[in-house]
Amino acid sequence: MILGEKRDGTVLTLTDLMWEPDAGWRERAACSGVESDTFFPASEEEYAAKAAKAICAECPVREACLQYALSTNQAAGVWGGLDSGERRRMRRRLRDRERRKAS
Ligand code: SF4
C-alpha cells in the first residue's frame, strides 16, 4: 500500500514503516526547539495541528519519526506529519493488512 511520497520522490509504503528507526533521527528533527504546544495542541481540531504538519512536511526524519510513533503507539500529538486520528487510521490499516496476510 502506497502511503505517500518520500522526500527523494520515491513512494512511502507500509513496508517502509516497518523499518527499524534511524537511532539518531531525533538529532535531525525539524521540530527541535519548537514549542511543544505546537505539536501537542489543546484541541484535536485539524487547524490546531496545521503549523506542526507544515514543519513535519519539511523534516528530514519524518519517516523515522512516524515509524517510532506507530511502533510505540503514541496516542497524542503530531508525529511524522500525522495527527492522532490519522495515526489511528494508519494503525488500523496496518492491523487489517497483517490479518489478511495471516489468513
Ligand atoms: S516529523 Fe515532525 S514531529 Fe517528527 S521529528 Fe520531524 S518535525 Fe518533529
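Predicted model, so just to flag it, every value in this text is computed and none were measured. (Residues numbered from 1 in each chain as written. Predicted model: local features only at pLDDT ≥ 70, side-chain atom pairs only at ≥ 80, totals over all residues.)

Caption draft 1: Looking closely at the overall build of the protein chain. Counting its regular elements, the protein chain contains 4 helices and 2 strands. N-terminal to C-terminal, the α/β element order of the protein chain is β-β-α-α-α-α. Within the protein chain, the fraction of its 103 residues that count as buried is 19%. Put simply, of all contacts in the protein chain between residues at least 6 apart along the chain, 52% involve residues at least 24 apart. (Helix = DSSP H or I, 4+ residues; strand = E, 2+ residues; numbered from the N terminus. Buried ≥ 20, exposed ≤ 12 C-beta atoms within 10 Å, placed from the backbone. Contact = placed C-beta atoms within 7 Å.)

Caption draft 2: Focus on unusual backbone geometry. Positive phi values are uncommon outside glycine, yet asparagine 73 reaches one of about 55°. Tracing the sequence through the fold places asparagine 73 in the loop between helix H3 (62–71) and helix H4 (84–102). We classify asparagine 73 as exposed; it has 9 C-beta atoms within 10 Å.

Caption draft 3: Just the site of the ligand, in detail. The environment of the ligand is formed by 14 residues, the closest being Ala29, Cys31, Cys56, Cys59 and Cys65. Of all the secondary-structure elements, those providing two or more residues to the shell around the ligand are helix H2 (50–57) and H3. Taken together, the residues of the shell around the ligand break down into 11 nonpolar, 2 polar and 1 charged. (Near = placed C-beta within 6 Å. Nonpolar A, V, L, I, M, F, W, Y, C, P; charged D, E, K, R; others polar.)

Caption draft 4: Representation of the nonpolar core in the model. By size, the foremost hydrophobic cluster in this structure holds 12 residues: Ala49, Ala52, Cys56, Cys59, Val61, Ala64, Cys65, Leu66, Ala69, Val78, Trp79 and Leu82. Residue assignment for this core shows that the elements contributing at least two residues are H2 and H3. With 4 residues, the top contributor of residues to this core is H3. (Core = buried A, V, L, I, M, F, W, Y, C linked by C-beta atoms within 7 Å.)

Caption draft 5: Main features of the confidence of the model for the protein chain. Of the residues in the protein chain, 82% have a pLDDT of 70 or more, and the chain-wide mean is 85. The secondary structure element of the protein chain with the lowest average pLDDT is strand S1 (residues 2–5), at 64, and the one with the highest is H2, at 96. (pLDDT = per-residue confidence, 0-100.)

Caption draft 6: Representation of the environment of glutamate 27 in the model. Checked against the element boundaries, glutamate 27 lands in the loop between strand S2 (11–13) and helix H1 (36–39). Separated by 34 residues in the primary sequence, glutamate 27 and valine 61 place their C-alpha atoms 9.2 Å from one another.

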